[in-house]
Structures are given as C-alpha cells and as structure tokens.
Amino acid sequence: MTTTTPGAEVELAIGGMTCASCAARIEKKLNRMDGVEATVNYATEKARVAFREDVAVSDLIATVEATGYTAREPEPEPLPIRTEPDTGSGTAQEESDELLHLRRRLTAAVALAVPVIAMAMIPALQFTYWQWLSLTLAAPVVTYAARPFHKAAWTNAKHGAATMDTLISVGTSAAFLWSLWALFFGTAGTPGMTHPFELTIARADGAGNIYLEVAAGVTAFVLAGRYFEARSKRKAGAALKALLELGAKEVTLLHDGREELVPVGDLRAGDRFLVRPGEKIATDGVVVEGSSAVDASMLTGESVPVEVGTGDAVTGATLNAGGRLVVEATRVGADTQLARMAKLVEDAQNGKAAAQRLADRISAVFVPVVIALALGTLGFWLGSGAGLTAAFTAAVAVLIIACPCALGLATPTALMVGTGRGAQLGILIKGPEVLETTRKIDTIVLDKTGTVTTGRMALLAVHTADDTGEDEVLRLAGALEHSSEHPVARAVASGAAARVGALPAPEDFANIAGLGVTGVVEGHAVLVGREKLLAERAVLLPGDLRRAKAEAEAAGRTAIAVAWDGEARAVLEVADAVKETSPEAVGRLRALGLTPILLTGDNRAVAEAVAAEVGIAPQYVIAEVMPQDKVDAVKRLQEEGRSVAMVGDGVNDAAALAQADLGLAMGTGADAAIEAGDLTLVRGDLNAAADAIRLSRRTLGTIRANLFWAFAYNVAALPLAAAGLLNPMVAGAAMAFSSVFVVGNSLRLRGFQPIDR
C-alpha cells in the first residue's frame, strides 16, 4: 500500500547491486527526486528513504528500476518475538537463493576452467583437437558463469559508469570472441595447432592464437572472490535476529489464581504473569507482588543487580536473580524496550555507509583508460597500413592483458589468511568492508561492564575491627551468604571460599528483603548486609569501619557490613573488578594513536574509579547512559569529526556497536553485540582490541599491495600488447605470476604476531 503521509519514511529492499558504486548510483538518482532524501547501504541491500507527501512509494520504486535495479518494500519483522526462526520467506529466502545461484556458477566455472587452463599452459596436454575441447568447456563459463558480470557491465554502461564488472566483462568477452574468430576464421582451428611453452616477445599472427584460458580463468577467480564476499555479507541482519532471540519464549499467566503457561506472543498489556527465580521477565511491566534482585546488566550495563519490589518497573528480557515476582504487563511487542533496541540497531546499520571497494575505485579509472588505449592501438595500426587483422589483433590483445585474474584473489586470499591468523589470536574479522575503517580510527569508546571489567561481582577488600581476623570474618559471613541467591552474596561466598576453604553450614537462616541476611554460624548470631540492617538491631559501625564504608562507596563499590554477637566486626567491599590486562590494553590503544573513552550505564563514581584504575582521565568518561544514549554519545563524537571505534559486550552496546565506524564485540558477551560488531574478540581480553586493529590494518595493507600487483603485472605487458608482440604464453604467464604473487603476499600475514605482553 502506498504511503503518502507528510514526512513519511520507507525502507526499500534493493536487488541487483554488485558493488558499492551501485549503491552510490541508486542513492544519487533517488536524491535527485524533488522532496526525497535517501541513503542506500550496499552491505544490507536496503535503501532508507524520507519523502514528501506528494511523492508515492511507487515513484521511488520506479526510479530505482529505471536505474537498472529492483526495489520493493520488505516484509515487516513480526513482533512479538517469534519462537521459530523464519527461513522460508522474504529477504532471508532471497539472500539464500542468491548465494545458491552464485555457488552453482562458481562450481561450474572452477570445474570447467581448470582443464582449459591446464591445456593452454602445458603443451603435453595439447592433443590434436585440444583447442575445440577448450572452446566447448570455456563457452559455458563465459556465458553462464560470467553472466552477472556481463549484466552489471551493461547496467553500468547505460549510465556511463565503469566498475570492476565492466573490466571483467570486457576482458573475458574480448578473449572469448577473439578466440572464436581465430578458431573459425583464422588458423587457430587447424588440427594439431599448439601453443609452445616459450615467453618470446615477437610479432606473431594473431589469427593463430586463442585466449580461452584467460576468459575462463578470470571468471572462475573473480567468482570465487564474489562468493566469499556474499557469504560474509549475509550476516548483516544477524544482530537483529540475536536481539529478538533474547526475550522469553513462554510466560506463566495468572488467571484468578490459576497458572497457565502460554507463548509470550499471547501476552497483552494488563495481563499479570509470574516470574520465578532464574527466569527471564517476559515483557516490560510493573511489579504487583513480591520483591527480588533483577539482573539487568545485559540491557543496561549496570553491574550491580537492581532491587525491585511492589510498584517498581521491570524490563523484558532481564533476569530475575532472587525471589518470586508477579508482574503486570505494561508494554508488549514492538513497544517494549527490547524491540526499541532492535530498532536502534537496525537504524544504525542502515545509516552506516558501506566502505567503497578498492577494486571498483581503481576500475573506474583503469577501464576507460584501457578502452581508450585499445581504440588508440586499433587506430594506430590501421593508420600505419598494417592491415585489419594485425590492427584488431593488437587492440584485442590490449583488452585481454588488461583483465587481471588476480583481482578476484586480491581481497579474499588476504582476508582468508588474515582472518585465519586472527582466529588463532582470538580475533574474528567479519568481512573486507570493515578493514578500510581501521586505518582512519582515531577514537576508541570502551564499554565498562564486561569489557574493561570482568562483568561479575567480586570480593575486593575486607576491613576488620581491631580485634577481629579476616579469616574469621570471611568464614562466618561467607557461610551465611552462601545460602543466599543474591549476586552480591554469591560474590562474598565465592571470595570467602577461595580464601578460607570449606564454609560451615548456617542455622536459622533468614533473608531480609532489601537489607541482607541473618543466621547462626558456629554458635554466633551473624548479620550481613546494609548498615541499616545492623542499625535496626542497635548495632553501630565504629569510626574506622564507617570511614572504610564511606571510602568504598565514594569509589563506587558496594559496602557490606558484618556483625555478630551484637558487635560490628567488618566491612566488605564488593564490585565489578577491573580485568588485569585492561590498564596495559588502554596504553597499547593509545600507542596506536587512539583516544580511549569510557562509556557506561553505571553511576559516575563507579565509572571514574574504573577509569582512574586503567589510566583514562575523568574528562574522557561518559557515565549514566541508557542504550539509546550510548548511540547518541557515539553520534556526538562522530559529529565532532572523530572516526570512532566501539568495544562492547552487552545487548545494551549492540546499537552503539552498529553506529560506530568500527564495532569490536567481546566474544564472551551477548550474541546481539557480537553480531552487531565488525570485529569479534573471542578471548574477551581488551588487549585483543589493540591486536585486532593492528591485524586489520596489516590485512588492509596486504589487500592494497595485492591490488597494486594484480594490475602491475598486466599493465607492464600492455605496451607489448599495443605493439602487437603479445603471444598467448605471455598473457598466461602474466595471469599466473600475478596470482602467485598475490597468494604469496597474502600468506605473509600468517607471521603476524601480537605485541609481547
């Protein structure tokens, strides 16, 4: 249905794009329409278009189709969250079909091109009618397998543009058509014709030469590169799928005191549902019964669980870490915070410009130059009286030698070796599009929880009264906390067990909601919790423990009071501990020319304390931000002219990772963050971020060198072609040597080493 509301916006699924310049062309055409503002993303194959009320969506689609591509409004993603993945319809199915067709073309091209290349390069395989078998094998490669290149070249030609597709199409077509002429009208079809293995530079009769191995080999090599690129591009929407999978799949509805387990999709605003300890909260709502600690760190980044009781709001997909809750649903489906975060990620991905492919930028200049050189060669030889055959031989030779098969290997081989070496070091690079960005990055935003810190509460310090030993405090407090399910209690219990060993069993254990725990341990009446818990029992902290508690809270840590037998005995400090490697990693990031900035949903006191510990100045701390604020913070830095990398691990970081110029996701974190990132740091060590940027920059440098040499070998032979001195063996050798060099240069990435730690 056509949308015509003022200030309307639509997202179109674009088909037929083969490179970043295609996206730029569509974007340019759409933006030329009056009252239209469009952004086209090659990676996600989508166009986001804002338009005036007098513009119809059908007009937008018509403009895209007139440009030579397809467009349609994509199927809406159903919400609430599905319990089964959608694999049979819409864009996902089209992407799968596209990859299948590409794989079929690649398989056919490789199977048919290998014997063609072997016969052309090895004289021993050139039996009496070998040239006709080569034609039989090469014809399907140049017509069926290379069809996407020819189609894209024709689309480009209609709009006066030239890309890598134009270069591949012109070169392979020239090689194939010349071979056809030589076979049927020249002397190449004579029985017993051979290509001797000699790299002589001498003028020969072009009518006796065929270049079928060039046409078939180039097609196969370039298709291989396209296939691997398409596989990585398919993951563009995986962040949204990961986000939508985070929510609960089923919910326990309450009807007149009865419990009924139903799919979360049946939940409606106003329904009341039960959340047991350890379960996810099904949707946004308000607690109407019970109290508990809710772990919202995956959504908010807050490392300390939030205490909730009657009347408090809770968020869908967060974890009930404590008691039994009855929640009344206030928002469901697309209105929930989780759904809004998914929309944030999608918006950030669509607004993120795809990196322009280096090969296309080179081709845009190289192709017109080569075509002009071929026409100039033809005119020169015709003008010099050399004859039509000699003139066409030289002109076609220019087109053939200018088609470098190594172009198809330049990016995928470097990426394959670079990503393989990265995987050994705990670094996953998603695709070639992200590499260019690493060269420009000048600012790196670090999420706190789970990235700079461990993301888990830990016992950091024990302050005792003068007559009390630390081991005794840990044994008694740890025994009591061991019976509690609260995350802070678990931190105390595990820290105590690590220090003093096995913990005694408590008696008369009681959990005082929001305050702490009480019980009897080894004959002592023990209290562990907030200072208020002790005060209610007329137990006061002495001056030294009160000071320790104030200092701990000033540093953003949780202070826990311990008392037994009517006396305050200790204060325990619990906090999200900084990873041991984080201070060194921050220094290494600075050494790469980056400015580290700490970004967190935690309060400022906690954030500044962590920043000081890792060596980040207070002016580079952004604290107390919600997920949408994280996206805004990254945008503000970008508006200041910075090129921003973001390192994060939580669901709350996913949109910011997508918005950043370069997203680095901790592999120990949430799937949504990992899928939204451009690089994944598998080992969860911030040092890996520095290694990831170094490796990415090295891989990009290798790709650039590969592209240079992919052209250089062939460009060096252009004068020979123009002079009419090119024979098939020189053309084949240029193709082979450039490919060998590219592969060898890429293999050097296996020697990449992380900085010694």
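Structure first, text after, so check above.
Not measured: the values here are computed from a predicted model.

## A closer look at the overall build of the protein
Reasoning step 1: Scanning the protein from N- to C-terminus turns up 26 helices and 26 strands.
Reasoning step 2: Of all 757 residues assigned to the protein, the portion counted as buried reaches 53%.
Reasoning step 3: For the protein, the share of sequence-separated contacts (at least 6 apart) that also reach a separation of at least 24 residues comes to 71%.
Reasoning step 4: Summed over all atoms, the accessible surface of the protein reaches about 31300 Å², with 56% contributed by carbon and sulfur.

## Some points on the side chain of Glu573
Reasoning step 1: Within the element layout of this structure, Glu573 appears in strand S21 (residues 567–578).
Reasoning step 2: At 2.8 Å, the side chain of Glu573 forms a polar contact with the side chain of Arg557.
Reasoning step 3: With near-sequence residues (within four places) excluded, Glu573 lies in contact with Ala458, Leu459, Leu460, Ala461, His463, Ala548, Ala552, Arg557 and Thr558.

## Looking at helix H12 (residues 388–401)
Reasoning step 1: A rise of 1.5 Å per residue sets the reference length of H12, with its 14 residues, at 20 Å; its end C-alpha atoms lie 20 Å apart and thus fit the reference within 8%.
Reasoning step 2: A large share of H12 lies buried, amounting to 10 of its 14 residues.
Reasoning step 3: Residues of H12 that are buried: Ala391, Thr393, Ala394, Ala395, Val396, Ala397, Val398, Leu399, Ile400 and Ile401.

## What to know about the sheet that holds strand S4 (residues 70–72)
Reasoning step 1: The strand order across the open sheet formed by 4 strands is S2-S3-S1-S4, and the pairing between neighbours is antiparallel. Bordering the open sheet on either side are strand S2 (36–41) and S4, each of which pairs with just one other strand. The mean angle between the axes of side-by-side strands here comes to 25 degrees, regardless of whether they run parallel or antiparallel.
Reasoning step 2: Two strands pair when backbone bridges link them, and S2 and strand S3 (residues 46–51) are joined in this way by 6 bridges, in the antiparallel orientation. In the sheet register, Val40 faces S3, and the bridge partner there is Ala47.

## Section: helix H5 (residues 147–158)
Reasoning step 1: A rise of 1.5 Å per residue sets the reference length of H5, with its 12 residues, at 16 Å; its end C-alpha atoms lie 17 Å apart and thus fit the reference within 8%.
Reasoning step 2: Positioned one or two residues after H5, Gly160 has a phi angle of 65 degrees, which is positive.

## A few points about the environment of Ser739
Reasoning step 1: Along the chain, Ser739 falls in helix H26 (residues 728–747).
Reasoning step 2: We classify Ser739 as buried; its relative accessible area is 8%.
Reasoning step 3: Once the C-alpha coordinates of Ser739 and Trp709 are considered, the two residues, 30 residues apart in sequence, prove to be 9.0 Å apart.

What counts and how
- Residues numbered from 1 in each chain as written.
- Predicted model: local features only at pLDDT ≥ 70, side-chain atom pairs only at ≥ 80, totals over all residues.
- Heavy atoms only, no water.
- Helix = DSSP H or I, 4+ residues; strand = E, 2+ residues; numbered from the N terminus.
- Buried < 20%, exposed > 50% of the residue type's maximum accessible area, 1.4 Å probe, protein only.
- Contact = heavy atoms within 4.5 Å.
- Areas by Shrake-Rupley, 256 points an atom, 1.4 Å probe, with all protein chains shown as cover.
- Polar contact = N/O pair within 3.5 Å; in protein donor to acceptor, adjacent residues only side chain to side chain.
- Expected span 1.5 Å × (residues − 1).
- Pairing = 2+ DSSP bridges.
- Axes fitted to C-alpha atoms, helices over the stretch in contact; angles between N-to-C directions.

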